[in-house]
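Analysis of the macromolecular model
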2 protein chains.
Amino acid sequence: MEAYKNLSKEELLKLHKELNAEYKKYQAKGLKLDMSRGKPGAEQLDLSMGMMDVLNSKSDLVCDDGTDCRNYGVLDGIEEAKELIGDMIEVPADNIIIYGNSSLNIMYDTISRSMTHGVMGNTPWCKLDTVKFLCPVPGYDRHFAITEYFGIEMINIPMLSTGPDMDMVERLVSEDESIKGIWCVPKYSNPQGITYSNETVRRFARLQPAAKDFRIYWDNAYGVHHLYEDDQDTLIEIIAECKRAGNPDLVYKFCSTSKISFPGSGVAAIATSPNNLVDIKKQLKIQTIGHDKVNQLRHVRFYKDIHGMVEHMKKHADILRPKFEAVLDILDRELGELEIGSWYRPKGGYFIAFDTMDGCAKEVVAKAKKAGVTMTPAGATFPYGKDPKDSNIRIAPSYPSLEDLIAATNLFVLCVKLVSIEKLIETM
Amino acid sequence: MEAYKNLSKEELLKLHKELNAEYKKYQAKGLKLDMSRGKPGAEQLDLSMGMMDVLNSKSDLVCDDGTDCRNYGVLDGIEEAKELIGDMIEVPADNIIIYGNSSLNIMYDTISRSMTHGVMGNTPWCKLDTVKFLCPVPGYDRHFAITEYFGIEMINIPMLSTGPDMDMVERLVSEDESIKGIWCVPKYSNPQGITYSNETVRRFARLQPAAKDFRIYWDNAYGVHHLYEDDQDTLIEIIAECKRAGNPDLVYKFCSTSKISFPGSGVAAIATSPNNLVDIKKQLKIQTIGHDKVNQLRHVRFYKDIHGMVEHMKKHADILRPKFEAVLDILDRELGELEIGSWYRPKGGYFIAFDTMDGCAKEVVAKAKKAGVTMTPAGATFPYGKDPKDSNIRIAPSYPSLEDLIAATNLFVLCVKLVSIEKLIETM
C-alpha cells in the first residue's frame with residue numbers, strides 16, 4: 001500500500017468513492033458499539049465474583065489486631081489491607097491511607113483540601129490569585145476536569161515516548177511559584193500506554209520547584225495491569241526515589257483496585273511521606289470516622305496476598321490481550337503504511353491512543369458515531385477539551401466483546417481513511 | 001432523700017466521706033469501661049451478619065433497570081436503593097443522591113463545596129470575610145468540628161424541650177447575611193434525645209434568612225432508631241414542609257444506615273430539592289465516577305423494603321432498650337431527688353444527656369476516668385469544646401454490655417454526687 005500523501009487527487013477521489021460505499025454498508029448495519037470508556041467487560045467482572053463468597057454470615061470480621069471491621073473506627077485503613085495495597089504499589093504499609101472506592105475521589109479531595117487549607121502549612125490556594133497545574137498531554141480527562149473545576153490554570157506538557165517532556169517540566173516548575181502540581185499516569189499512561197523511563201522518574205524526584213507546596217500527582221492506576229507475563233514495563237518507585245533524592249514530600253501516589261476487583265466497589269488509597277500523611281490526616285479525621293473496613297477485609301480475604309493478586313491479574317490479561325492485539329493488528333494492517341496516523345503498542349493499561357493527521361480527530365469521531373460506534377470525544381484527552389492539533393483519539397478496547405471490537409475498529413480505520421483523504425484533497 | 005442544697009455543711013462533709021470510701025472501692029476494682037461514643041455493641045452488629053449472605057458468587061448483581069452494579073457508572077445511586085432510603089427518610093426517591101459509607105463525609109463535602117464554589121451560584125464562602133453557623137447546644141461534636149475546621153464562626157443556640165430556640169434562630173438568620181447554616185439533629189437529638197416539635201419544624205421551614213445561600217443542615221441520623229414500638233416520637237418531614245412553605249431549597253437532609261446495618265459499611269445519602277440536586281451533581285460528577293453500587297444492592301437485597309428495615313430496627317431496639325432503661329433507672333433512683341442534675345428520657349437515638357450543676361461536668365468526667373470509666377469529654381457537645389456552664393455530659397449506653405453499663409453508671413452517679421458536694425461546700 002502506498003502512503004496517501006503520494007497519491008494524486010484522482011486516485012484519492014477514486015479511493016474515497018470506494019471507501020465511502022463501504023462506509024454506507026456499515027451505516028446500514030445499525031451498529032451500536034462503544035469504545036469510549038475504560039470499563040472492564042462482563043467477562044472480567046466475572047473473575048471477581050468469588051469475592052462475594054469470602055465473607056458470609058459465619059465469618060469472623062475481626063482483623064489480626066483485634067479490630068471489629070463491622071464497627072466504627074480506624075481512620076486510615078486496616079493493617080492487612082495496607083499491607084496488600086502496599087505490596088501492590090511497592091510502598092511500605094506505613095506510608096498508606098486507604099480511602100473508599102475511588103482514587104479519583106481522593107485526588108479531588110486532595111486538591112479541594114489544598115484549596116481550602118493549603119499544603120503543609122502553606123497558603124491555601126483559594127487565597128492565591130493564580131494556581132497552575134502541568135498537564136502532560138494527551139492525558140486523562142477526569143484529571144483535567146478536577147483542576148478545571150477549581151479554576152486552576154492548566155499548562156500542556158507534550159508526552160514523549162519516555163514520558164512528559166522533562167526539560168519543559170523542570171524549567172516551568174523552577175521558574176513559576178504558582179505551579180502547584182502535575183498530573184501523571186506514569187505506567188501504561190492514559191491514553192497512550194507509555195511508561196515513564198528511568199531517567200524521567202529520576203528527574204521527577206529531583207525537581208526543584210519554586211513552590212514549596214508543589215506536589216507530583218502520581219496516579220499509578222495501571223501499576224499491575226500488564227498484558228504480557230513475560231514482557232512488562234517497569235517503573236522506578238517514586239516515593240523511594242524522592243526520598244533518595246532528598247525530596248521526600250514531593251509526591252502523592254494514588255491507586256485503586258477498581259480495575260482489579262470491581263469498578264466502584266474496590267478499595268482506593270494514597271501513599272506519601274510521613275509529613276504529608278500527618279497533614280492529610282488532620283483533615284481526614286474531620287471528614288469521616290473511617291472508610292468501609294468490611295470491604296477492605298473482603299479484598300484481603302479474596303486475594304490473600306500480592307501473589308494472589310498477581311495471579312488474578314493474569315486472568316484479566318488473558319481477556320484483555322486478544323482485544324488489544326485485535327485493535328493493534330487492524331491498525332497495523334489497514335493503516336500501517338498509509339502515513340495518516342500513528343499509535344503506540346502498549347504493554348498494559350486500558351487504552352490505545354491514535355493520532356490522526358492534524359485537524360482530523362473530531363471529524364473521525366463524528367463519522368464513527370454516525371455509523372453507530374461511540375469513541376471518547378476528540379479533545380477529551382486535553383485540558384479544557386481542546387486538542388490544539390485536533391489529532392488525538394482515545395481507543396478503549398476493554399468493554400466490547402472481541403467480535404464487536406473488531407467490527408468497531410474496522411469501521412474506525414475506515415473513518416480515518418475517509419477523513420484523511422478529505423483533508424488531503426482539501427489542501428491540494 | 002433530701003436535695004443536697006438543703007443539707008448543712010456538716011451533713012455534706014459526712015456524706016462526702018461515705019461516698020468517697022465507696023469511690024475508693026470502685027477504684028480498687030480496676031474497671032475499664034467506655035460510655036464515650038455512640039457505637040453499636042457486638043450483639044447489634046450480629047443482627048446484620050445475614051447481609052454477608054445476600055450476595056454470593058452465584059448472585060445476579062444487575063439492577064431492575066439493567067445496570068450491572070459491578071461496573072462503573074450511576075452517579076447518584078441505584079434506583080432500588082434510592083427507593084429504600086427514600087422510604088426510610090420519608091422523601092421521594094427522586095430527591096436523593098446516595099453516597100458512600102458516611103453521612104458525616106457528605107456534610108463535610110457539602111461545606112467544602114460551599115467554601116470553594118458557593119451554593120447555587122452565590123459567592124463561594126472562601127471569598128467572604130466571615131461565615132457563621134448556628135449550633136444548637138448541646139449538639140454533635142463532629143458537626144462542630146467540621147465548621148471549626150473551615151474557620152466558620154459558630155454561634156450557640158440553646159436547645160429547649162421543643163428543639164432549638166426558634167425565636168433566636170429566626171432573629172439571627174433574618175438579621176445576619178453571614179449566617180449560612182444551622183446544624184440540626186431533629187429526631188432523638190444527639191445528645192439529648194429531643195425530637196423537634198411540630199411548631200419548631202414549621203418555623204424552620206418558614207425561615208426568612210438574609211442569606212440566599214443559607215441552608216438547614218438536617219442530620220436525620222436517628223429517624224428510625226426508636227426504643228419503643230408503641231411510643232415513638234414523630235417529626236414533620238422537612239423537605240415537604242419547606243416546599244409547602246414556599247422555601248423548597250432551604251434544607252439539606254442527611255442520613256445513613258450506619259446504625260442500621262454496619263457502621264462504616266453502610267450507605268449514606270443526601271435528600272434535597274431538585275435545584276439543590278442539580279447544584280450538587282455539578283460537583284459530584286467531577287469528584288467521582290460513582291459510589292459503591294454493590295453495597296447499595298447488598299442493602300436492598302437484605303432489607304428488601306422499608307418494612308424489612310422496620311422489623312430489623314425492632315431487634316436493635318430490643319437490645320438498646322434495656323441499656324437505656326438501666327441508665328435512666330439508676331439516674332432516677334440515685335439522683336432523682338437530689339437536685340444536682342437533670343436529664344431527658346429519650347424514646348430513641350443513641351444518647352442520654354446529663355446536666356450537672358454549673359461548673360461540675362469536667363470534674364465529674366475526670367473523676368469517672370480515674371476510676372476506669374471513660375465518658376465523652378465534658379465540653380465536647382459544644383462548639384470549640386467549650387461548655388459555658390461546664391454542665392453537659394453525654395452518656396452513650398449502646399456499646400458496653402448491660403452489666404458493664406450498670407457498673408459504669410453506678411460509678412458515674414457516685415462521681416456526680418461527690419463533685420456536687422464539693423461544689424456546694426466550696427460556695428458555702
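Cut-offs used in this document
Residues numbered from 1 in each chain as written. Chains lettered and ligands numbered in written order. Predicted model: local features only at pLDDT ≥ 70, side-chain atom pairs only at ≥ 80, totals over all residues. Heavy atoms only, no water. Buried < 20%, exposed > 50% of the residue type's maximum accessible area, 1.4 Å probe, protein only. Helix = DSSP H or I, 4+ residues; strand = E, 2+ residues; numbered from the N terminus. Arc of directions from axis to C-beta. Contact = heavy atoms within 4.5 Å. pLDDT = per-residue confidence, 0-100. Least-squares fit on C-alpha atoms with pLDDT ≥ 70 in both. Phe/Tyr/Trp six-rings, centres within 6.5 Å; stacked < 30°, edge-to-face > 60°. Buried area = accessible area lost by both parts, 1.4 Å probe. Salt bridge = Lys/Arg side-chain N within 4 Å of Asp/Glu carboxyl O. Polar contact = N/O pair within 3.5 Å; in protein donor to acceptor, adjacent residues only side chain to side chain. Nonpolar A, V, L, I, M, F, W, Y, C, P; charged D, E, K, R; others polar. Pairing = 2+ DSSP bridges. Right-handed = clockwise from strand over helix to strand, strands pointing away.

Time to look at helix α12 (residues 361–370) of chain B. Residues and elements named next belong to chain B. Along α12, the residues classified as buried are Ala 361, Val 364, Val 365, Lys 367 and Ala 368. Each buried residue of α12 lies within a common arc of 160° when the element is viewed along its axis, so the set occupies one face. Looking at α12, the residues exposed on the side facing more than 90 degrees away from the buried face are Lys 362 and Lys 370. Here the buried face of α12 lies against α1 (9–29), β11 (352–356), β12 (373–375), β13 (392–395) and α13 (402–426). Directly after α12, the chain includes Gly 372, whose backbone phi takes a positive value near 90°.

All names here are of chain B. By the element assignment, Lys 39 lies in the loop between β1 (33–35) and α2 (42–46). According to the relative accessible area criterion, Lys 39 is partly exposed, its value standing at 24%. In sequence terms Lys 39 and Ser 258 are 219 residues apart; their C-alpha atoms lie 9.6 Å from each other.

Here we come to the confidence of the model for chain A. Looking at chain A, the pLDDT average stands at 97 and 100% of residues meet or exceed 70. Among the prediction metrics, the complex's ipTM stands at 0.96, with pTM recorded as 0.97.

This brings us to the side chain of A:Ser114. Relative to the helices and strands, A:Ser114 resides in helix α4 (residues 103–117). Non-local contacts of A:Ser114, meaning those with residues more than four positions away in its chain, are made with A:Val119, A:Pro124, A:Trp125 and A:Tyr217.

Turning chain A through 180° and shifting it by 0.0 Å along the axis lays it on chain B, with an RMSD of 0.0 Å. Interpreted geometrically, this transformation is the action of a two-fold axis.

All names here are of chain A. In the structure shown here, the tally under the stated rule is 34 aromatic pairs over all chains. Between the aromatic rings of Trp 343 and Phe 354, the centroid separation amounts to 5.6 Å while the plane-to-plane angle is 15°, which identifies the pairing as stacked. Of the two residues, Trp 343 sits in strand β10 (residues 341–343) while Phe 354 sits in strand β11 (residues 352–356), which places them eleven residues apart along the sequence. Like Phe 354, Trp 343 is buried. Between the aromatic rings of Phe 354 and Phe 412, the centroid separation amounts to 5.2 Å while the plane-to-plane angle is 85°, which identifies the pairing as edge-to-face. On the criterion of sequence distance, the pair formed by Phe 354 in strand β11 and Phe 412 in helix α13 (residues 402–426) is long-range, its members being 58 residues apart.

On to the interface of chain A and chain B, then. Of the residues lining the interface, 60 residues belong to chain A; the matching set on chain B comes to 60 residues. Its largest share of buried area at the contact with chain B, chain A owes to A:Arg70, A:Tyr72 and A:Tyr149, together 16% of the area lost on that side. If you look at where chain A meets chain B, you find two salt bridges. Note that B:Arg70 and A:Asp46 form a salt bridge whose closest N and O atoms lie 2.7 Å from each other. In this assembly, chain A and chain B are joined by 24 residue pairs in polar contact (both at pLDDT 80 or more). In terms of residue count, α4(A) provides more of the side of chain A that touches chain B than any other element does, nine residues in total. In the side of chain A that touches chain B, the residues fall into 24 nonpolar, 21 polar and 15 charged.

Turning our attention to the pairing of strand β6 (residues 179–184) of chain A. Residues and elements named next belong to chain A. Counting buried positions over the six residues of β6 gives six, a clear majority of the element. Across three bridges, the pairing between strand β3 (residues 132–137) and β6 is parallel. Bridging across to β6, Lys 132 finds its partner in Ile 179. The pairing of β6 with strand β7 (residues 215–219) spans four bridges and is parallel. Bridging from a neighbouring strand, Gly 181 pairs with Arg 215 of β7. The parallel pair β6 and β7 is bridged by helix α7 (residues 198–205), and the resulting crossover is right-handed.

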